[in-house]
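# Remarks on the overall topology
Chain residues, written in single-letter form:
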Amino acid sequence: MAHRIKAINTYRPLLEQGNTVQKPELIRAASRATGIVEGTFDNSIKELRDQILVFCRAGRAVKVDGLGTWTPTIGLDGTLDIQYRPDAAFTYGLNIPGVFSGTIINRENIGKTSDELIARWNEEHAEDPVTIME
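What comes next concerns the included structure. What you see is a predicted model, and the numbers here were worked out from it, not measured in a lab.

### Some points on unusual backbone geometry
Its identity is not glycine, yet N106 carries a phi of approximately 60°, on the positive side. Taking relative accessible area as the criterion, N106 reaches 16% and is therefore assigned buried.

The following block contains the structure:
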């Protein structure tokens, strides 16, 4: 008997992850787009990082419109961390119809329910069906 999560994960839509953009590539692209010299752009990123850290060390969240909010947090063991919540502009910009140029695996299953994905699993894996426990 297969688990629900195995069936759902097999057929749910997934984004194919390309190579991660590293800082030098990002700086080159931003430099070309803005006309700011790469070294200046790199220094600006470092300074922004350092200032966010200074404020978080003081127990203050930092909100940058268009980028997001960095909030200091503390774990049960006393370890400090920073939680990042992206600005809504990221989600809105990512979800503009027709702009995503990456690859979606199982695109045909967008909008299907977990029950529909499980039904497909059961059709294709009769020897290992997902059964609903009540």
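### Here we look at the layout of surface pockets
Its volume calculated, the largest pocket comes out at about 160 Å³. As for the largest pocket, its lining consists of I45, L48, R49, I52, L53, L67, W70 and I82.

### Some points on helix α2 (residues 23-34)
Under the 1.5 Å per step criterion, the end-to-end length of α2 is 16 Å for 12 residues, consistent within 8% with the ideal 16 Å. Turning to α2, its buried residues number three or more, namely I27, A30 and S31. The buried side chains of α2 occupy one side of the element, clustering within an arc of 105° when seen end-on. Away from its buried face, by an angle of more than 90 degrees, α2 presents the exposed residues R32 and A33. Buried residues along α2 sit against α3 (38-57). G35 lies just past α2 and shows a positive phi near 80°.

### Things to note about the packing of aromatic side chains
Following the criterion strictly, the structure yields two aromatic pairs and no others. Centroid distance Y11 to W121: 6.4 Å. Interplanar angle 70°. Geometry classified as edge-to-face. In this pair, Y11 is assigned in helix α1 (residues 4-11) and W121 in helix α5 (residues 114-124), connecting sequence segments 110 residues apart. We note that Y11, like W121, is buried. Ring plane angle 40° and centroid distance 4.9 Å describe the contact between W70 and Y84, whose orientation is recorded as tilted. With W70 in strand β3 (residues 68-74) and Y84 in strand β4 (residues 80-86), the pair connects residues that are 14 residues apart, well separated along the chain.

### Remarks on the sheet that holds β4
Overall, antiparallel pairing links the three strands, which are arranged β2-β3-β4 in an open sheet. Taken across any chain shown, the strands that pair with only one partner, and hence form the sheet edges, are β2 (62-64) and β4. Taking the axes of each pair of neighbouring strands and ignoring which way they run, one obtains an average angle of 20° across the sheet. Taken together, the seven bridges between β3 and β4 define a ladder with antiparallel strand orientation. Of the residues in β4, the one forming a bridge with I74 is L80. On the sheet, α3 packs against β2, β3 and β4 and is oriented at approximately 45° with respect to β3.

### Here's the deal with the nonpolar core
In terms of nonpolar packing, the biggest core is built from eight residues, these being A2, A7, I8, Y11, L117, I118, W121 and V130. Within the residue set of this core, elements represented by two or more residues are α1 and α5. Apart from residues lying up to four places away in sequence, A2 is in contact with W121, D128, P129 and V130.

About the thresholds
Residues numbered from 1 in each chain as written. Predicted model: local features only at pLDDT ≥ 70, side-chain atom pairs only at ≥ 80, totals over all residues. Heavy atoms only, no water. Buried < 20%, exposed > 50% of the residue type's maximum accessible area, 1.4 Å probe, protein only. 1 Å grid on protein atoms, 1.4 Å probe; cavity = no way out; pocket = protein on both sides within 12 Å on 5 of 7 lines; lining within 4 Å. Points joined across faces, edges and corners; volume = space filled by probe spheres on them. Helix = DSSP H or I, 4+ residues; strand = E, 2+ residues; numbered from the N terminus. Expected span 1.5 Å × (residues − 1). Arc of directions from axis to C-beta. Contact = heavy atoms within 4.5 Å. Phe/Tyr/Trp six-rings, centres within 6.5 Å; stacked < 30°, edge-to-face > 60°. Pairing = 2+ DSSP bridges. Axes fitted to C-alpha atoms, helices over the stretch in contact; angles between N-to-C directions. Core = buried A, V, L, I, M, F, W, Y, C linked by side-chain atoms within 4.5 Å.

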